[in-house]
Amino acid sequence: MDPKLGRTTLKEWVAIESDSVQPVPRFRQELFRMMAVAADTLQRLGAHVTSVDMGSQQLPDGQSLPIPPVILAELGNDPTKGTVCFYGHLDVQPADQGNGWLTDPYVLTEVDGKLYGRGATDNKGPVLAWINAVSAFRALEQDLPVNIKFIIEGMEEAGSVALEELVEKEKNRFFSGVDYIVISDNLWISQRKPAITYGTRGNSYFMVEVKCRDQDFHSGTFGGILHEPMADLVALLGSLVDSSGHILVPGIYDEVAPLTEEEINTYKAIHLDLEEYRNSSRVEKFLFDTKEEILMHLWRYPSLSIHGIEGAFDEPGAKTVIPGQVIGKFSIRLVPHMNVSVVEKQVTRHLEDVFSKRNSSNKMVVSMTLGLHPWIANINDTQYLAAKRAIRTVFGTEPDMIRDGSTIPIAKMFQEIVHKSVVLIPLGAVDDGEHSQNEKINRWNYIEGTKLFAAFFLEMAQLH
Ligand SMILES: NCCCC(=O)N[C@@H](Cc1c[nH]cn1)C(=O)O
Ligand SMILES: [Zn+2]
Ligand SMILES: [Zn+2]
């Protein structure tokens, strides 16, 4: 670490095992350490830093764990300048070297220009790139072209626990002077071409429980005389989506935004080598054959995925059990202008309808455990123009204007609560492997990404 500039390296950050997904005291300690290191880095840069106590988290097993603080930091408060707020997270997904990693996930390791390590791209690298960009102005003894704020959390991978309440609370204080919000927590759609993201899908996560009793049965003793919970559940799950990916819940497509010719042209403009995409994903055939259809079904149409069955026998071997109670888990990715509570009603009504036709004596309970709204931005907002110009300067090309099929709940929260324009400026390449084994960020992306953020500050200052 450079004591004067507060410069920290990605290697130091990756070495901190800030896993927020596994709720165990050791990782929580690491998360607290991570947030303390980040707060210290920002302080050394000259930022005014507040580490907000987020209280504790009640787990389903009765255990309580402390939530790492959220960092709110401010650099500059010149009223003649625009204020850009950067959101990032420093927690990571679990990583276990025994589980397919070729290097130690917590030791940043360079191989052929690729920096491997958990959190390298999601999201420690991009947070540090933003800090490095600020630090570059400091090193050159130049005034920052814009006022900068940071909101950095440590629980994103666990669902951003308690963050919405904090954003609500800080709406008229920390966020009052903010003009624009930048998030860099997703990927390009290509290996080399930069992108700007203007929309994400939402997600409604469902659990459907089918219960006969709270104990399993022997299938020799009871098989043939029971309404088996698993058979009910498989029928319920099988009623949700057909083999072409079309969702069978009545009314689910009613509110989906109509497709315009202009929108189709935006998909045509994106360069996506389908063959390369298919090969790198190691998938023999997708549901759709054209680039436009693939992009539309990832970004602007809903999809339904079945994730798992709790209580099912899933071990190797041939146990002759009839599970007494099972819980099916599935989710629907939502798109503009679908509504979370309408979807909840449609899904519940559909499952009740299918279940009632089975005349089963089991009990079925449907619950929506997560309702995250889709987000879409106005790409004519100033910061989109600034990001495009900065990309032209640093990369010498026009960006792909993309949406993301996954969900970044904080984007919609900022839009709804803070009422500020949000842009996603990803730095990582399509093959960075967020959440997967051997996550990496390319050295080139990390360095050019830092330059991109610095160029973005300058463009924002001109356009504000
Ligand atoms: N490329 C950004 C990925 C962010 C991400 O993985 N978000 C999760 C959030 C979520 C949605 N439902 C439950 N968690 C995602 O699965 O989209
Ligand atoms: Zn992330
Ligand atoms: Zn993630």
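As the structure is a prediction and not an experimental result, all values here were calculated from the model.

Caption draft 1: Here's a closer look at the coordination of the zinc ion (ligand 2). Protein-derived ligands of the zinc ion (ligand 2) are His-89 (NE2), Asp-122 (OD), Asp-185 (OD) and Asp-185 (OD), with the metal-ligand distances lying across 2.0 to 2.6 Å. For the zinc ion (ligand 2), the four donor atoms in the first shell make angles of 55 to 148 degrees at the metal, so the coordination geometry reads as irregular. We note that the donor set of the zinc ion (ligand 2) lies within a single chain, spaced as H-x32-D-x62-D. By relative accessible area, which is 7% here, Asp-185 ends up buried.

Caption draft 2: Molecular detail of the sheet that holds strand β6 (residues 109–111). Taken in spatial order, the three strands line up as β6-β7-β20 in an open sheet, and their pairing is antiparallel. Only two strands of the sheet have a single partner each, and these edge strands are β6 and β20 (440–442). Taking the axes of each pair of neighbouring strands and ignoring which way they run, one obtains an average angle of 30 degrees across the sheet. Of the strand pairs in this sheet, strand β7 (residues 114–116) and β20 are connected by three bridges, and their pairing is antiparallel. What sits directly across from Lys-114, in β20, is Asn-442.

Caption draft 3: Layout of the coordination of the zinc ion (ligand 3). Bound to the zinc ion (ligand 3) on the protein side are Asp-122 (OD), Glu-157 (OE), Glu-157 (OE) and His-435 (NE2), at distances that span 2.1 to 2.6 Å. In this structure, the zinc ion (ligand 3) is surrounded by four donor atoms whose angles at the metal cover 54 to 142 degrees, and the resulting shape is irregular. Mapping the donors of the zinc ion (ligand 3) onto the primary sequence gives the spacing D-x34-E-x277-H. Metal-to-metal, the separation of the zinc ion (ligand 3) and the zinc ion (ligand 2) is 3.2 Å; Asp-122 coordinates the two. Of this pair, Asp-122 sits in helix α3 (residues 120–139) while Glu-157 sits in the loop between β8 (147–153) and α4 (163–170), and the two are 35 residues apart along the sequence. In this pair, the class of Asp-122 matches that of Glu-157, namely buried.

Caption draft 4: Expanded view of the site of ligand 1. Every residue lining ligand 1 is accounted for by Asp-185, Asn-186, Asn-203, Arg-333, Leu-370, Leu-372, Asp-404, Ser-406, Thr-407, Glu-434 and His-435. In this structure, an oxygen atom belonging to ligand 1 sits 2.8 Å away from a side-chain N or O atom of Arg-333. Tallied by class, residues from the shell around ligand 1 come to two nonpolar, five polar and four charged. Each of two domains, domain 1 (3–201 + 375–463) and domain 2 (202–257 + 300–372), supplies a minimum of three residues to the shell around ligand 1.

Caption draft 5: Broad picture of the domain arrangement of the protein chain. If you check the domain split of the protein chain, you get domain 1 (3–201 + 375–463) and domain 2 (202–257 + 300–372). Taken residue by residue, the interface counts eight residues in domain 1 and eleven residues in domain 2. Between domain 1 and domain 2, roughly 650 Å² of surface is buried when both sides are summed, and carbon and sulfur atoms account for 59% of that area. Considering only the surface of domain 1 that becomes buried against domain 2, Arg-201, Arg-403 and Thr-407 emerge as the three largest contributors, covering 75% of it. Considering only residue class, the side of domain 1 that touches domain 2 consists of two nonpolar, four polar and two charged.

Caption draft 6: A look at the side chain of Asp-404. Structurally, Asp-404 can be placed in strand β18 (residues 400–404). Buried and unpaired, Asp-404 has no salt bridge, with Arg-201 as the nearest side chain of opposite charge at 7.3 Å. A polar side-chain atom of Asp-404 sits 3.3 Å from a polar atom in the side chain of Asn-186. Not counting chain neighbours up to four residues away, the residues in contact with Asp-404 comprise Asn-186, Thr-197, Gly-199, Thr-200, Arg-201 and Trp-299.

Caption draft 7: Geometry of the packing of helix α6 (residues 229–238) against helix α10 (residues 340–357). Viewed as axis vectors pointing N to C, α6 and α10 meet at an angle of 135 degrees, and their least axial separation amounts to 10 Å. What the angle tells us is that α6 and α10 run oblique. Like other packed secondary-structure pairs, α6 and α10 cross with a definite hand, here right-handed. Two secondary-structure elements touch here, α6 through Asp-232, Ala-235 and Leu-236 and α10 through Leu-351, Val-354 and Phe-355.

Caption draft 8: Spotlight on the confidence of the model for the protein chain. In the predicted model, the protein chain carries a mean pLDDT of 96, and 98% of its residues have values of at least 70. Both scores are given for the predicted complex: the pTM is 0.93, the ipTM 0.97.

Caption draft 9: Highlighting the UniProt feature "site: Important for catalytic activity" (unreviewed entry) in the protein chain. Within this numbering scheme, the UniProt entry marks His-218 as carrying the feature "site: Important for catalytic activity" (unreviewed entry). Relative to the helices and strands, His-218 is located in strand β12 (residues 217–218). Those residues within four positions of His-218 in sequence are excluded, and the remaining contacts are Gly-223, Thr-320 and Ile-322.

Caption draft 10: Seen up close, the side chain of Asn-445. Looking at where Asn-445 falls in the secondary structure, it is placed in helix α13 (residues 443–463). Overall, Asn-445 belongs to the buried group, its relative accessible area being 1%. Asn-445 has contacts with Trp-188, Leu-427, Gly-428 and Ala-429, leaving out every residue within four places of it along the chain.

Caption draft 11: Structural view of the environment of Val-430. Along the chain, the position of Val-430 falls in the loop between β19 (421–424) and β20. Residue class for Val-430 comes out partly exposed when judged on its relative accessible area of 29%. C-alpha of Val-430 to C-alpha of Asp-314: the two residues are 116 residues apart in sequence and 32 Å apart in space. The residues contacting Val-430, other than those within four sequence positions of it, are Leu-187, Trp-188, Ile-189, Ser-190 and Gln-191.

Caption draft 12: α6, seen in detail. Burial in α6 covers these residues: Pro-229, Met-230, Asp-232, Leu-233, Leu-236 and Leu-237. The buried side chains of α6 occupy one side of the element, clustering within an arc of 155 degrees when seen end-on. The inward-facing, buried residues of α6 abut β11 (202–211), β13 (303–310), β15 (325–334), α10 and β16 (363–372).

Caption draft 13: Spotlight on the packing of α3 against α13. Contact geometry for α3 and α13: axes closest at 8 Å, N-to-C directions at 55 degrees. Our classification of the angle between α3 and α13 gives oblique. The handedness of the crossing between α3 and α13 is right-handed. Contacts from Gly-125, Pro-126, Leu-128, Ala-129, Trp-130, Asn-132, Ala-133, Val-134 and Phe-137 in α3 reach Tyr-446, Gly-449, Thr-450, Phe-453, Ala-454, Phe-456, Phe-457 and Leu-458 in α13. The residue makeup of the contact of α3 with α13, split by class, is 13 nonpolar, four polar and no charged.

About the thresholds
Residues numbered from 1 in each chain as written. Chains lettered and ligands numbered in written order. Predicted model: local features only at pLDDT ≥ 70, side-chain atom pairs only at ≥ 80, totals over all residues. Heavy atoms only, no water. Donors = N, O, S within 2.8 Å, 3.2 Å for Na, K, Ca; no water. Tetrahedral: all angles 85-135°; square planar, octahedral: opposite > 155°, others 65-115°. Buried < 20%, exposed > 50% of the residue type's maximum accessible area, 1.4 Å probe, protein only. Pairing = 2+ DSSP bridges. Helix = DSSP H or I, 4+ residues; strand = E, 2+ residues; numbered from the N terminus. Axes fitted to C-alpha atoms, helices over the stretch in contact; angles between N-to-C directions. Near = heavy atom within 4 Å. Polar contact = N/O pair within 3.5 Å; in protein donor to acceptor, adjacent residues only side chain to side chain. Nonpolar A, V, L, I, M, F, W, Y, C, P; charged D, E, K, R; others polar. Domains from an automatic or database assignment. Contact = heavy atoms within 4.5 Å. Buried area = accessible area lost by both parts, 1.4 Å probe. Lys, Arg positive; Asp, Glu negative; His and termini not counted. Salt bridge = Lys/Arg side-chain N within 4 Å of Asp/Glu carboxyl O. Parallel < 35°, antiparallel > 145°, perpendicular 65-115°, else oblique. Left-handed = near helix turned anticlockwise from the far one by under 90°. pLDDT = per-residue confidence, 0-100. UniProt positions renumbered as here; feature names shortened; annotations may be inferred. Arc of directions from axis to C-beta.

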